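# Geometric and topological summary
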Amino acid sequence: MDTTIAVRYHKHGAPGDVLKVERLPLEPPGPAQVVLKLLYAPIHPSDFGVILGKYGSLPELPATGGREGVGEVVAVGDDVDTLKPGDRVCWPESAGSWQSGCVAEAEGLCTVPNDIPAELAAMASINPATAWRILRDGHLDTGDWVIQNAANSAVGLFVIQLARYLNVRTINVVRRPELIEPLKEFGADAIVTEEEEDYPKRIDALTNNRRPKLALNSIGGPSVNRLIRSLAPGGTVVTIGAMDFTPIRFPTRNLIFDDVTLRGFWLDRWLRNQSRQRVQIMFDKLFSVMLEGGLKAPVEATYPLESFQEALAHNARPRLGKVLFRGV
């Protein structure tokens, strides 16, 4: 590999306006570096936040799109003894994953078992880790309930599966009734729709009077208020997204009388505050669950990098699975 095909942007703005395909030279690896070729890379909502210039951390411009993917090592530098050609690794976010190849520092790359399907491995480093950390750090007991909106999102599907793995039960809020049966297949214990604005009144019946201790919010606006009203006293709402871009009006009554806690979670910050050993332990656990068949992720479609406009258009349509770029 002496060149890489990359979906790049030289200024922040709407992805359809600022992204373009470029072919860039790919240098040989330095002594402590490796050359990676892309296998798959998903399209994330946060990718658009980065391209728009509105995410919590931004790369220097010009930059390559994409925060996550899986790559295969094709060449190693003279001093690299931890990786070899054929190994798979999580794509380094700093490089941008929407490109066919890159040169990366070997130190810090997270290896991925080759037995994990490449499409699933491409989605392994952000959403499963987010779901795992929120559930594991939520001080939940066996049989406790969790409620989440946007339950059909990629992170929502991982929450359903990991909650089941941890013997925790889920109430899942969706916008479209046609998603109910697919979510049941993923292991959802209870499902309600956003159209049922009074569903908090049914929570006691759904949980046998064991109201959720934890709520996950990916939407914002009135949807969050319904989550808050569904919680047990002392419960916590964790916000991980804002799909509606509408403000959250916190119900004072629940804050005062029910002692509800409202907080956010950003995986990037968690990772920065952990040792490399603890991070690797977490990912090794997630990879183990994947190898056991406890985690799956539907793929809606795959596209070559050159067809990024078609991929973005497909991604904007209603769907259940992820849209992926595939390497060349």
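Computed from a prediction, not measured in an experiment: that's the story for all the values here.

### What to know about the pattern of salt bridges
- Under the definition given, this model contains 17 salt bridges.
- Between Arg67 and Asp268 there is a salt bridge; the shortest N-O distance is 2.9 Å. In this pair, Arg67 is assigned in the loop between strand 4 (63-64) and strand 5 (70-76) and Asp268 in helix 10 (residues 267-272), connecting sequence segments 201 residues apart.
- Assessed through its relative accessible area of 7%, Arg67 is described here as buried.
- Overall, Asp268 belongs to the buried group, its relative accessible area being 12%.
- Arg133 serves as the salt-bridge partner of Asp137, at 3.0 Å between the closest nitrogen and oxygen.
- With a relative accessible area of 7%, Arg133 lands in the buried category.
- What you see here is one network of salt bridges that share partners, running through Asp141, Asp144, Arg210 and Lys213.

### Brief notes about the packing of helix 4 (residues 127-136) against helix 5 (residues 154-165)
- One can describe the packing of helix 4 onto helix 5 by two numbers: an axis separation of 8 Å at closest approach and a directional angle of 50°. The angle between helix 4 and helix 5 falls in the class oblique. Considering how the two elements wind past one another, helix 4 and helix 5 form a crossing that is right-handed. Seen from helix 4, the contacting residues are Asn127, Pro128, Thr130, Ala131, Trp132 and Leu135; seen from helix 5, they are Ala154, Val155, Phe158, Val159, Leu162, Ala163 and Tyr165.

### Notes on the sheet that holds strand 1 (residues 3-9)
- Ordered by their spatial adjacency, three strands build an open sheet running 2-1-4, and the pairing between neighbours is antiparallel. Two strands lie at the open edges of the sheet, namely strand 2 (20-25) and strand 4, each paired on one side alone.
- Relative to strand 2, strand 1 runs antiparallel, the two being bridged by six bridges. Bridge pairing in strand 2 links Thr3 to Pro25.

Rules and cut-offs
Residues numbered from 1 in each chain as written. Predicted model: local features only at pLDDT ≥ 70, side-chain atom pairs only at ≥ 80, totals over all residues. Heavy atoms only, no water. Salt bridge = Lys/Arg side-chain N within 4 Å of Asp/Glu carboxyl O. Helix = DSSP H or I, 4+ residues; strand = E, 2+ residues; numbered from the N terminus. Buried < 20%, exposed > 50% of the residue type's maximum accessible area, 1.4 Å probe, protein only. Axes fitted to C-alpha atoms, helices over the stretch in contact; angles between N-to-C directions. Parallel < 35°, antiparallel > 145°, perpendicular 65-115°, else oblique. Left-handed = near helix turned anticlockwise from the far one by under 90°. Contact = heavy atoms within 4.5 Å. Pairing = 2+ DSSP bridges.

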